[in-house]
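Residue-level structural notes
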Amino acid sequence: MTVRQGFSERAAIAGIGMTALSRASGRTELQLAVEASRAALADAGADAPDAILSYHLADSAPVLYVARELGLRSIGWHNELYGGGTQCASILADAAMLVDTGLARTVLVYRALNGRSGRRMNALGLRLGEGTEEQFTRPYGLAGPVQQFALAGRRYLHDTGLTEEHLFTVVARSRAHAARNPRALRRDPVGLDDYLASPIVASPLRRVDCCQETDGACALVVTSARQAPNAPRIHTVVRGGDPGASAMDKAADVTRIFSHHLAGPLYEAAGLKPADIDVALLYDAYSWLVPRQLEDFGLLTRAELGDGLTTALDTVNPHGGLLSEGYVHGLNNVAEAVRQLRGDGTDQVSGAGVALCTGFGGGYGSAAVLTAP
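What counts as what
Residues numbered from 1 in each chain as written. Predicted model: local features only at pLDDT ≥ 70, side-chain atom pairs only at ≥ 80, totals over all residues. Heavy atoms only, no water. Helix = DSSP H or I, 4+ residues; strand = E, 2+ residues; numbered from the N terminus. Contact = heavy atoms within 4.5 Å. Core = buried A, V, L, I, M, F, W, Y, C linked by side-chain atoms within 4.5 Å. Buried < 20%, exposed > 50% of the residue type's maximum accessible area, 1.4 Å probe, protein only. Phe/Tyr/Trp six-rings, centres within 6.5 Å; stacked < 30°, edge-to-face > 60°. Disulfide = S-S within 2.5 Å. Axes fitted to C-alpha atoms, helices over the stretch in contact; angles between N-to-C directions. Parallel < 35°, antiparallel > 145°, perpendicular 65-115°, else oblique. Left-handed = near helix turned anticlockwise from the far one by under 90°. Nonpolar A, V, L, I, M, F, W, Y, C, P; charged D, E, K, R; others polar. pLDDT = per-residue confidence, 0-100. Pairing = 2+ DSSP bridges. Polar contact = N/O pair within 3.5 Å; in protein donor to acceptor, adjacent residues only side chain to side chain. Salt bridge = Lys/Arg side-chain N within 4 Å of Asp/Glu carboxyl O.

**Considerations on the environment of Ile-200**
Turning to its location among the elements, Ile-200 is positioned in strand S5 (residues 200-202). Not counting the four nearest positions on each side in its chain, Ile-200 is found in contact with Leu-205 and Arg-206.

**Concerning the nonpolar core**
The biggest cluster of nonpolar side chains holds 97 residues, and the ones touching the most others in it are Ile-13, Val-107, Ile-234 and Trp-288. Beyond its immediate sequence surroundings of up to four residues, Trp-288 is in contact with Phe-149, Ala-152, Gly-153, Tyr-156, Leu-167, Leu-205, Thr-255 and Ile-257. Grouped together as the second largest cluster of nonpolar side chains are 20 residues, Leu-30, Ala-33, Leu-70 and Tyr-110 included.

**Some remarks on the packing of aromatic side chains**
Applying the stated criterion across every chain, the model contains nine aromatic pairs. When the centroid spacing of 5.4 Å and the interplanar angle of 40° are considered together, the rings of Tyr-156 and Trp-288 count as tilted. Here the residue Tyr-156 occupies a position in helix H5 (residues 145-160), and Trp-288 occupies one in the loop between strand S9 (279-281) and helix H9 (289-296), the gap between them amounting to 132 residues. We classify Tyr-156 as buried; its relative accessible area is 0%. Residue Trp-288 is classed as buried on the basis of its relative accessible area of 1%.

**Comments concerning unusual backbone geometry**
Residues Ser-203 and Pro-204 are joined by a peptide bond in cis, for which omega reads 10°. Phi is positive for Ala-58, which is not a glycine, with a value near 60°. Mapped onto the elements, Ala-58 comes out in the loop between strand S2 (51-56) and helix H2 (63-69). Judged by its relative accessible area of 59%, Ala-58 is exposed. Residue Asn-317 is not a glycine yet carries a positive backbone phi of 45°.

**Regarding the state of the cysteines**
Applying the stated criterion across every chain yields a total of zero disulfides. Free of any disulfide, Cys-88 has its nearest cysteine sulfur in Cys-357, 7.7 Å distant. As a non-bridged cysteine, Cys-211 has Cys-210 as the owner of its nearest cysteine sulfur, 7.0 Å distant. With a relative accessible area of 17%, Cys-211 lands in the buried category.

**Some thoughts on the packing of helix H8 (residues 258-270) against H9**
The contact between H8 and H9 brings their axes to 9 Å, and the two run at 30°. Considering the angle they form, H8 stands roughly parallel to H9. Taken as a pair, H8 and H9 cross one another with a handedness that is right-handed. In this structure, H8 contributes Phe-258, Ser-259, His-260 and Ala-263 to the contact, and H9 contributes Arg-292, Gln-293 and Asp-296. For the contact of H8 with H9, the per-class residue count stands at two nonpolar, three polar and two charged.

**Describing the confidence of the model for the protein chain**
On average, the protein chain scores 93 in pLDDT, and the residues at 70 or more come to 93%. In this model, residues 124-129 is a region of pLDDT below 50 whose contacts with residues beyond four sequence positions or in other chains number ten contacts.

**Focus: the pairing of strand S4 (residues 106-114)**
In terms of burial, S4 is largely enclosed, as nine of its nine residues are buried. Neither face of S4 is left uncovered, since the one carrying Thr-106, Leu-108, Tyr-110, Ala-112 and Asn-114 and the one carrying Val-107, Val-109, Arg-111 and Leu-113 both have all their residues buried. Note: S2 against S4, four bridges, orientation parallel. The partner of Ile-52 across the bridge, within S4, is Leu-108. Two elements, S4 and strand S7 (residues 215-224), share nine bridges in a ladder whose sense is antiparallel. Bridge assignment links Asn-114 to a residue of S7, and that residue is Asp-215.

**Topic: the side chain of Arg-111**
Here Arg-111 is to be found in strand S4. For Arg-111, a relative accessible area of 0% corresponds to the buried category. Side chain to side chain, Arg-111 and Asp-59 meet in a polar contact 3.1 Å long. Beyond its immediate stretch of four places on either side in the chain, Arg-111 contacts Ser-54, Tyr-55, His-56, Leu-57, Asp-59, Ser-60, Gly-216, Ala-217, Cys-218, Val-328, His-329 and Leu-331.

**What to know about the pattern of salt bridges**
Evaluation of the coordinates by the stated rule reveals 22 salt bridges. Where Asp-43 meets Arg-342, a salt bridge forms, and the shortest distance between an N and an O atom there is 2.9 Å. Taken as a pair, Asp-43 in helix H1 (residues 29-44) and Arg-342 in helix H12 (residues 331-342) lie far apart in primary sequence, 299 residues in all. Looking at Asp-43, the relative accessible area reads 35%, which means it is partly exposed. The exposure class assigned to Arg-342 is partly exposed, which follows from its relative accessible area of 33%. The partner of Asp-276 in a salt bridge is Lys-273, and the shortest N-O contact between them spans 3.5 Å. Overall, Asp-276 belongs to the partly exposed group, its relative accessible area being 23%. Three or more residues are tied together by salt bridges with common partners; here these are Arg-183, Glu-325, Glu-336 and Arg-339.

Pasting the structure below:
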C-alpha cells in the first residue's frame, strides 16, 4: 500500500472500551464516559492518557471532568469537537496526528451520551443563533434528522429502483449479525411481515429503518505503532463534503451524502481500491444509507444493488451497526473495526485485514481506513 498521509501507519488503536448499551442508563454522561475510558485504558495496558479528545452536541461529559475522574494530576493536549457522526472517523486523524507529531504518547478518545433517556436527537426546538432557519422548514415536515433523510431516501429509491424489500434486507441482515453480539440492543430476528408491520415514521422509513436511541459510552486509546505493534493501525483518514450537509433545502442533490464526495479522495490517499476492503463499518443511521455508501465506495455498482445487496451485507457492520447494536454516534462502529482486525469480533469476518469506517451528517462527513498490524 502506498502511504500518502504523514501519520499513516504510525499510530495504532491499542485499546477499546464500552459500557453496556441501554435505553435508560440511570447514570450521568460523566459516569458512562469514565467507565468506558477505564475499560479502554485497561485493554491497552495503559495507566493514564496524556491527551484526551471527545466530540459531542452539547450532550456529553467535558474532557476536563473525565480527566479529573480518572485521577490525572495534569493534562496535556485536550479538545472537545462539536459534532456527531461526522466526527467518529475523522477524530482518529486528530489522535494520530497528536501521536505522530510527538504532542502526545497516549490519546484517549471517547463519546458518551444518554441518547434515549436524556437529550434525544429526534427532538427539535426553535432557538436563536445556530438552527434559526429550521423554523422555516419545520412547518413543511422537516422536523428532524429522520424526516430529512426520509426525503432523501425516497428520491434515492426512485433513482435506483430499489424497493422497501431492499430496505428490509438491510434491516434483517443487521439483526442477523447482532444476534451473535451480546452488546446489541436489538438481537431479535425480523421477517418481512414484521418489517412491513413496523410503523412508518417518515416515508419510506419505518421505525425499524432507524438507528437505535441509546444511552452509553465508547472509548478508544490511540498510541504509536511502535508502542503497540500488535494493534490495528490508522492508515488513512479523510474529511469533507459539500455545504448542503443535512440542510436539504440547500443541497444540489439530496441523495448525495458525504460518500459521493469522499470515496475518491480516500482511495487515492490510501493507495487502495474497493476490492482491498475486507470489512465495512458503515454509518447506518437509516437503512437506505447502506446501499448508498456501498455504491459510492465502489463495493457494489448501481446495477448490482438489487441482486448483490444480500451478499455484500455479509461483511457490513458484523456487530449489527447503529441499527441494531446501538447508537454511540458511530464510535461503537470504530470499536468493532478494531475487533475485526484483531480477530475477536462476535461475528468475525474471516481474514479481515483492511477495514473501512464512515461517519457523516449528510453531505459532509469523514471516512477512515484501518489495517491489521
